[in-house]
Amino acid sequence: MFFSYNGVSVFYKRNMGLGTPIILMHGWGGSNVSFSGAYEYLCGLNRDVIAVDFPGFGASDMPGSEWGIDDYAACIEELISAIKLNKAVLVGHSFGGRVAICLSDKEWVESIVLVDSAGLKPHFSLKKTIKVRRYKRAKKAGKDLSGYGSADYLALPENMQSVFVRVVNTHLDDRLKNITCPVLIIWGKRDRETPPYMAWRLRRKIADSTLVFLDGGHFAYAESQVKFNLILAEFTKGGKECLFGRQ
């Protein structure tokens, strides 16, 4: 199925089941298939579950080169409006977590699951700091910058590179204090892309939050699929009180 946001055609699939709709939002470079294990499991429980392809990925159209993280958030809001949802649970991995954080103050958000979420300002290592300085010097000197950037950046079409830069340079730390809905934070113990200190920072900054670690790295939700599915199904059935007891 498709809906349109500002002329961009966006794909999603939905199982019309029971309970509050659960929206699965993939990471950068992924698609609705990224959460296929969780999607199929929730379908088996006859839950109402939606998996979306963000613009630029999967079956969705490319976004405009001027897009940033708030445009992606507005795109999900358009989905909510298009299919007439009153409430939803947002589940976001990495980039999808960024989008969930941006939407956390909306009245229709019942709860959020942040899975190895991006969006926080990182601690740069010395190696990373040196790379950034070299890039800035090269840019200032007018040198060819085509060899600079991460593998994710270099693999993108040219119009998506500016979107990527805009997204990764938008830090969402200041928005955490405004999150009042229940939040479950699920993290890989060996995540190197969004290291565990980010999970602990989210736990400290979000008042009504609980942190659970899984075996694995940045894609621990797939590496520990059975445990992830059980935790997700229980949390989205009744919130934190159901899964962990009132804390």
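As a reminder, the structure under discussion sits directly above these lines.
The paragraphs below set out a description of the structure included in this document. All values derive from a computational prediction rather than experimental measurement. (Residues numbered from 1 in each chain as written. Predicted model: local features only at pLDDT ≥ 70, side-chain atom pairs only at ≥ 80, totals over all residues. Heavy atoms only, no water.)

Focus on the nonpolar core
Ranked by internal contacts, the top residues of the largest apolar core, which has 53 residues, are Met25, Trp28, Tyr72, Leu90, Val99 and Leu202. It is helix H2 (residues 69-82) that contributes the most residues to this core, seven residues altogether. If near-sequence neighbours (up to four positions away) are discounted, Met25 is found in contact with Phe35, Val52, Phe54, Ile76, Leu90, Val91, Gly92, His93, Gly96, Val99 and Ala100. The next biggest cluster of nonpolar side chains, apart from the first, holds 24 residues, and it includes Leu24, Phe35, Phe228 and Leu232. (Core = buried A, V, L, I, M, F, W, Y, C linked by side-chain atoms within 4.5 Å. Buried < 20%, exposed > 50% of the residue type's maximum accessible area, 1.4 Å probe, protein only. Helix = DSSP H or I, 4+ residues; strand = E, 2+ residues; numbered from the N terminus. Contact = heavy atoms within 4.5 Å.)

With respect to helix H3 (residues 95-102)
What sets the pattern is the α-helix's 3.6 residues per turn: residues three or four places apart point alike. With eight of eight residues buried, H3 is to be regarded as a mostly interior element. Among all positions of H3, only Phe95, Gly96, Gly97, Arg98, Val99, Ala100, Ile101 and Cys102 are buried. At its buried positions, H3 is contacted by strand S3 (18-25), H2, strand S5 (88-93), strand S6 (109-115), helix H6 (158-168) and helix H7 (196-205).

Notes on the packing of aromatic side chains
For the coordinates displayed, the defined rule picks out 15 aromatic pairs. Where Phe54 meets Tyr72, the ring centres are 5.7 Å apart and the plane angle is 90°; that geometry is what we call edge-to-face. Of this pair, Phe54 sits in the loop between strand S4 (47-52) and H2 while Tyr72 sits in helix H2, and the two are 18 residues apart along the sequence. For the pair Phe54 and Tyr72, one class covers both residues: buried. One aromatic cluster is present, formed by Tyr5, Trp28, Phe54, Phe57, Trp67, Tyr72, Phe95 and Phe164 through successive ring pairs. When the ring centre of Tyr39 is taken as origin, the NZ or CZ atom of Lys13, which lies over that ring, is 4.5 Å away. (Phe/Tyr/Trp six-rings, centres within 6.5 Å; stacked < 30°, edge-to-face > 60°. Lys NZ or Arg CZ within 6 Å of the ring centre and 35° of its normal.)

Topic: the pattern of salt bridges
Here the idea is simple: oppositely charged side chains can pair when their charged atoms come close. Under the defined criterion, the tally for this structure stands at six salt bridges. Between Lys106 and Glu77 there is a salt bridge, and its shortest N-O distance comes to 3.7 Å. You can see Lys106 sitting in the loop between H3 and S6 and its partner Glu77 sitting in helix H2, a full 29 residues away along the chain. A relative accessible area of 28% means that Lys106 is categorised as partly exposed. Taking the shortest distance from any N to any O, the salt bridge between Glu234 and Lys237 comes out at 3.3 Å. Residue Glu234 and its partner Lys237 are located together in helix H9 (residues 225-244), separated by three residues, close to a single helical turn. Look at Lys237 and you get exposed, because its relative accessible area is 56%. (Salt bridge = Lys/Arg side-chain N within 4 Å of Asp/Glu carboxyl O.)

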